[in-house]
Amino acid sequence: MSRNPREESVAVIGSGVSGLITAYTLIRDGFENVEILTKDAHVGGIWARDRIYPGLFLNNVHGEYRLSPLKMPPPVSGGDRLSGYDMNKYFETFASQFLEGKIQFNLDVHNIRRPASGQGWLLDISDLKSGIQETREYARLVMCTGGSSNPRIPKELSPEAAAAAGFKGLVMHTVDFARKIDVLLAHAAPAESGPDTPSVVVIGGGKSAQDVCAYLANEGKKVTLVCHNLDPFTAGPKPLPEFLRKSRLLSLFSPHIHLRTASERFLHTTWVGKKIVDFMWNGLADSSFKAMNIPADSPLRNTVSPFWHVRVNDEGVPRPNGFHPLAVAGKIEVLSPAHVAGFSEDGGSVSLEDGRAVRASVLVLATGYTSSWSPLFEENTIEELGLKPHLAQPNPEHHWDYTTLSDAPPLHPDAKKWSFSLYRGLVPAKNIHRRDFAVNGACISLNNGYTVEVASHWISSYFLSDPMRIAQTPEEAFKETERDAAWLKRRYPEVPTALNASLTGYLAFWTWPQHVDDLLEDMGLPVMRGGGNGLTWPFHVIDLKEIEHLKEERDAKRAEISS
Ligand SMILES: Cc1cc2nc3c(=O)[nH]c(=O)nc-3n(C[C@H](O)[C@H](O)[C@H](O)COP(=O)(O)OP(=O)(O)OC[C@H]3O[C@@H](n4cnc5c(N)ncnc54)[C@H](O)[C@@H]3O)c2cc1C
């Protein structure tokens, strides 16, 4: 390898938000040969034009999912929630404004491996349009392949299981929803048909399931949602003031691996603090149910806890054509808690674990995703890089005496068994010393744009060997990632992070500001950028201006240290 990393090639795999901002930052930092490779035909990743559909909305507050170089216009459709179309337009504009000629489409990357020299990377690439196969070599790789491309399909609900049971309807995963919308509508019966008419049965309680149900109900179709539980949401009768909704306030009510401020220490380590924290989360859930007029005995109240989970939808002021109002009005049937055990023998229904059967013309699986990494690497590369989950090794030194964590739900069996070693959610611990491989977008955050943008600077500094606070050896990095893994199990015990690490390599979620501050601190840059004093900082409205000069700040830091 030559000594100047800027002259060496970098492949950024993926053209979603993570890939776009990573490439942008590397190019601005002077990397001369950056290529974005994507198997998609258009930019945007999950917000690409052929993956979005009517009824798909962003679940973040406006302004909480954007990048500092480009302002996010208000939603085209009015209201305060951005649609899939708004998001798509934003990323297409970003790409045409800043990354013209840098993105190569329709390229499926696979078989990533080291060349015989052991330096850099070989990638097998199939051109999905021409069918041409080639192998390319790059000095560095950034994986921005996301965690929402490869569908997770339970065996008992797969198209094969449907065929074996003689099910006559259509079975599809939400990943194909936009592409198959017309076929789906053709199979779906009108809402007003009788009780024996089959429904479109949507399985899952997350955002995709809710969006699909709302879309079908708005199209006048008969739809039934079946799920163990639903994602929680926030809503209010009128928009909350920005200093509550768009500030770091909620992050204060969630504990982080370390507690930087006196207010966090008070809230999470004292008895009174815990009472305040519980009151806040319970109050938020109750007032959101009230804002949606959800009756006390409704299955819509069967939500996971917003405190212990990394799932929440910001609904803002309820929209009459949104999921909850439609379900309250009886336009979406909701069966929860319920578990679909498989297809019935009559060829026209699915059977629930409790013995009930639900007539179905279409089964839409909103059952989540598996890691995007496994199909990309040769087995020994995954092993060598350390991208494989390993058996958890509990360490009594890893403990946190936080009062707010005292009544945690039980640890998920897979979380108990497995751990993962992605340093800061960005670099496999085992490869940290080689500075030729990183990941962006594998961290769940409530403010995805801000988080992936700061992470892109961290990655660039790491490739440039800038002076940073960073583990120097795989052993040191492993020690830290083991502590992080123990923390994530303590903080989100029901989330098995290691099994879809391309999505859940790190869980920042409510405490994304604290996580981002850790990354900034690694780069030697100022933290708590919202400003204010010890009391007022949680109320300052988050503004992407806070990070728009990170490149210049890093340049200055580099110059200061080398002079
Ligand atoms: C329906 C849906 C709604 C969502 N809504 C929200 C939301 O409201 N708020 C939120 O914060 N998050 C949401 N998410 C999570 C979402 O995945 C992330 O917010 C974000 O889009 C991830 O961006 P990314 O760039 O990391 O990955 P993605 O957007 O998934 O992009 C991955 C890229 O990698 C490419 N790729 C993958 N494998 C290969 C390969 N083998 N070869 C070449 N290219 C490859 C893909 O083509 C794509 O370009 C949602 C996810 C889904 C599925």
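About the cut-offs
- Residues numbered from 1 in each chain as written.
- Predicted model: local features only at pLDDT ≥ 70, side-chain atom pairs only at ≥ 80, totals over all residues.
- Heavy atoms only, no water.
- Core = buried A, V, L, I, M, F, W, Y, C linked by side-chain atoms within 4.5 Å.
- Buried < 20%, exposed > 50% of the residue type's maximum accessible area, 1.4 Å probe, protein only.
- Helix = DSSP H or I, 4+ residues; strand = E, 2+ residues; numbered from the N terminus.
- Patch = residues over 30% accessible without salt bridge, like charges linked within 9 Å, V, L, I, M, F, W, Y side chains within 5 Å.
- Areas by Shrake-Rupley, 256 points an atom, 1.4 Å probe, with all protein chains shown as cover.
- Salt bridge = Lys/Arg side-chain N within 4 Å of Asp/Glu carboxyl O.
- Pairing = 2+ DSSP bridges.
- Polar contact = N/O pair within 3.5 Å; in protein donor to acceptor, adjacent residues only side chain to side chain.
- Contact = heavy atoms within 4.5 Å.
- Phe/Tyr/Trp six-rings, centres within 6.5 Å; stacked < 30°, edge-to-face > 60°.
- Lys NZ or Arg CZ within 6 Å of the ring centre and 35° of its normal.
- Axes fitted to C-alpha atoms, helices over the stretch in contact; angles between N-to-C directions.
- Near = heavy atom within 4 Å.
- Nonpolar A, V, L, I, M, F, W, Y, C, P; charged D, E, K, R; others polar.

The name given to the protein chain in an unreviewed UniProt entry is FAD/NAD-P-binding domain-containing protein, with the source organism recorded as Trametes coccinea.

Focus on the nonpolar core
One finds Val202 and Trp458 to be the most contacted residues of the largest nonpolar core, which totals 125 residues. Here this core gets 8 residues from one element, more than from any other, and that element is helix α13 (residues 448-463). Counting residues in each nonpolar core, the second largest holds 25 residues, with Ala11, Ile13, Ile382 and Ala501 among its members.

Quick word on a nonpolar patch on the surface
A cluster of nonpolar side chains, contributed by Phe266, Trp271, Val272 and Ile276, occupies part of the molecular surface with about 410 Å² of accessible area. Sort the elements by how many residues they give to the nonpolar patch and helix α9 (residues 271-291) lands first, with 3 residues. Relative to the elements of secondary structure, phenylalanine 266 occurs in helix α8 (residues 262-269). Residue class for phenylalanine 266 comes out partly exposed when judged on its relative accessible area of 38%.

Notes on the pairing of strand β1 (residues 9-13)
Counting buried positions over the 5 residues of β1 gives 5, a clear majority of the element. The two faces of β1 match: Ser9, Ala11 and Ile13 on one face and Val10 and Val12 on the other face are all buried. Looking at chain direction, β1 and strand β2 (residues 33-37) are connected through 5 bridges and run parallel. Pairing of valine 12 across the sheet is with isoleucine 36, part of β2.

Side note on the side chain of arginine 136
Tracing the backbone through its elements, the reader meets arginine 136 in strand β6 (residues 133-138). At 3.3 Å, the side chain of arginine 136 forms a polar contact with the side chain of glutamate 35. Here the side chain of arginine 136 touches glutamate 134 through a polar contact of 3.1 Å, side chain to side chain. In this structure arginine 136 touches Glu35, Leu37, Gln104, Leu107, Trp121, Leu122, Leu123 and Ile125, once residues within four positions along its chain are discounted.

Some remarks on the packing of aromatic side chains
Ring pairs (aromatic) are described by centroid distance and by the angle formed between their planes. Tallying each qualifying case throughout the model produces 25 aromatic pairs. A ring pair is formed by tyrosine 402 and tryptophan 487, whose centres lie 5.7 Å apart and whose planes are at 65°; its orientation type is edge-to-face. Taken together, the residues tyrosine 402 in the loop between β19 (390-391) and α12 (413-417) and tryptophan 487 in helix α14 (residues 474-491) connect sequence positions 85 residues apart. Of the two residues examined, tyrosine 402 and tryptophan 487, each falls in the buried class. Taken together, the aromatic side chains of Phe31, Tyr423, Trp458, Tyr462 and Phe463 make up a single cluster linked through ring pairs. Over the face of the ring belonging to phenylalanine 463 we find arginine 140, whose NZ or CZ atom lies 5.6 Å from the ring centre. Just above the ring of phenylalanine 307 sits the side chain of arginine 491; from NZ or CZ to the centre is 4.1 Å.

As for the sheet that holds strand β3 (residues 103-104)
Taken together, the 5 strands give an open sheet; going across it, the order is β3-β2-β1-β7-β23, and neighbouring strands pair in parallel fashion. In this open sheet, the two edge strands, each paired with only one partner strand, are β3 and β23 (437-439). Two elements, strand β7 (residues 140-143) and β23, share 3 bridges in a ladder whose sense is parallel. Paired with methionine 143 across the two strands is valine 439, which belongs to β23. Of the strands in this sheet, β1, β2, β3 and β7 are in contact with helix α1 (residues 17-28), which crosses β2 at around 170°.

Section: helix α16 (residues 512-522)
In terms of burial, α16 is a largely internal element, 10 of the 11 residues being buried. Those residues of α16 that sit buried are Trp512, Pro513, Gln514, His515, Val516, Asp517, Asp518, Leu519, Leu520 and Asp522. Buried residues along α16 sit against α7 (249-252), α8, β24 (443-445), α13, β25 (506-509) and α17 (550-562). Backbone geometry just downstream of α16 places glycine 524 in the positive-phi region, at approximately 75°.

Looking at the sheet that holds strand β5 (residues 121-127)
Taken in spatial order, the 3 strands line up as β4-β5-β6 in an open sheet, and their pairing is antiparallel. The open sheet terminates on both sides in strands that have one partner only, identified here as β4 (107-113) and β6. Direction aside, the axes of adjacent strands within the sheet are offset by 30° on average. Bridging between β4 and β5 involves 5 bridges; their strand directions are antiparallel. Across the sheet, the residue bridging to valine 109 is isoleucine 125, located in β5.

Comments concerning the environment of arginine 140
As for its placement among the helices and strands, arginine 140 is situated in strand β7. The sequence separation of arginine 140 and tryptophan 121 amounts to 19 residues, and the corresponding C-alpha distance is 6.9 Å.

Overview of the site of the ligand
Of all residues adjacent to the ligand, which total 30 residues, the nearest are Ser18, Ile46, Asn59, Asn60 and Tyr65. At 3.1 Å from an oxygen atom of the ligand is found a side-chain nitrogen or oxygen belonging to threonine 38. Here an oxygen atom of the ligand and a side-chain polar atom of asparagine 448 are 3.3 Å apart. Among the elements of the structure, α1, β4 and α5 (207-218) are those that each provide at least two residues to the shell around the ligand. Partitioning the shell around the ligand into residue classes produces 12 nonpolar, 14 polar and 4 charged.

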